[in-house]
Amino acid sequence: AQSVTQPDARVTVSEGASLQLRCKYSYSGTPYLFWYVQYQRQGLQLLLKYYSGDPVVQGVNGFEAEFSKSDSSFHLRKASVHWSDSAVYFCAASRTGGYKVVFGSGTRLLVSP
Amino acid sequence: NAGVIQTPRHKVTGKGQEATLWCEPISGHSAVFWYRQTIVQGLEFLTYFRNQAPIDDSGMPKERFSAQMPNQSHSTLKIQSTQPQDSAVYLCASSSGPEQYFGPGTRLTVL
C-alpha cells in the first residue's frame, strides 16, 4: 500500500541552528512529493514540490528538500531556523499524474530562543 | 485570488443536530478534497470530487456523513445527527493538478 512515514512526531531546535525533518515514502515507481506547513489554526500551505529532475528542490523561506530514490526519502532541510518556523510540517506523495495525495502524520517543529 | 474559502470558520452544534460546512474552491480548479483533522487521528482524507463528480469517498464514515458538489463554485459536507466524536477541524482543498491548496478550515465543536 502507498504510504508516507514521518518518524519524528516532535523536533526541537534552537533558533539559528540547522534543521532536517525526515520523510520516507512507499510507492511503486517515483511519486510526486510535497512538503506542506501548517501554522497554528490555519490550513496547510505548500512549501515545495518534487516531480522530476534535480533531486534537490528549493522552496519558500529558505527551505529545501532532497529526493533519494535509493533511500525512498524526501527529507526537508533548512540551514538556519527562525522562531517563526515553529509549525507542523507534513510530507505528502501522490502517484505520477494523480490527484489524490497521501499525507504523513506530521512533525511538530518547535524553535526555541 | 482569494484562495479556498471555507464557511463558517467555527461552528458549535448540540449533539444530534445537523451541521453543513461550505467550501468554495479556487476558480478554475477541477478537484475538491475534504479532510478531517484531530489531535488523535491527525489528518484524515474523507472524499474528493473532480469536475463535480465524486471520485473517491473511501474515507467518509458510512453513516451520517455526505458530501456534494452541485456546481463548480462550491462543495458542501453535511453531518447529520452530530456526535461529540465529530468534533474536529474540517479542511477543504482544491487543485488543478497534484498540488493541493487548502482553506483555513472549519472548526466544528459538538457539545
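Residues numbered from 1 in each chain as written. Chains lettered and ligands numbered in written order. Predicted model: local features only at pLDDT ≥ 70, side-chain atom pairs only at ≥ 80, totals over all residues. Heavy atoms only, no water.

Turning our attention to unusual backbone geometry. With an omega of -10°, the peptide bond running from B:T7 to B:P8 counts as cis. Among the structural elements, B:P8 can be located in the loop between β1 (5-7) and β2 (10-13). Backbone geometry at A:N61 places phi at a positive 55°, although glycine is not the residue there. Mapped onto the fold, A:N61 is located in the loop between β7 (56-58) and β8 (64-68). Judged by its relative accessible area of 51%, A:N61 is exposed. The backbone of B:S81 shows a phi angle near 45°, a positive value even though the residue is not glycine. (Helix = DSSP H or I, 4+ residues; strand = E, 2+ residues; numbered from the N terminus. Buried < 20%, exposed > 50% of the residue type's maximum accessible area, 1.4 Å probe, protein only.)

Residue and element names in this part refer to chain A. With the rule as written, the count across this model stands at 2 disulfides over all chains. The disulfide bridge from C23 ends at C91, spanning 1.9 Å between sulfur atoms. Taking the sign of the S-S torsion, about -70° here, the bridge from C23 to C91 comes out left-handed. Of the two residues, C23 sits in the loop between β3 (19-21) and β4 (24-26) while C91 sits in strand β10 (residues 87-94), which places them 68 residues apart along the sequence. In terms of burial, C23 and C91 fall into one category: buried. (Disulfide = S-S within 2.5 Å.)

Residue-level contacts link 18 residues of chain A with 23 residues of chain B. A combined buried area of about 1700 Å² lies between chain A and chain B, and 56% of that area is made up of carbon and sulfur atoms. For chain A, the biggest contributors to the area lost against chain B are A:R41, A:Y99 and A:K100; these three give 43% of the whole. Across the salt bridge formed by A:K49 and B:E99, the nearest N and O atoms sit 2.4 Å from each other. Summed over the shared surface of chain A and chain B, the result is 7 residue pairs in polar contact (both at pLDDT 80 or more). For the side of chain A that touches chain B, the secondary structure elements donating two or more residues are β5 (32-38), β6 (44-50) and β10 of chain A. Here the side of chain A that touches chain B takes 4 residues from β5(A), the largest share from any one element. (Contact = heavy atoms within 4.5 Å. Buried area = accessible area lost by both parts, 1.4 Å probe. Salt bridge = Lys/Arg side-chain N within 4 Å of Asp/Glu carboxyl O. Polar contact = N/O pair within 3.5 Å; in protein donor to acceptor, adjacent residues only side chain to side chain.)

Once that is clear, we can look at the pattern of salt bridges. Residues and elements named next belong to chain A. One pass over the structure, following the stated rule, counts 9 salt bridges over all chains. Here R77 ties to E64 by a salt bridge, and the two come within 2.7 Å at their closest N and O atoms. A residue pair is termed long-range when its members are at least 10 positions apart, and R77 in strand β9 (residues 73-78) and E64 in strand β8 qualify at 13 residues. With its nearest N and O atoms 2.8 Å apart, the salt bridge here joins R77 to E66.

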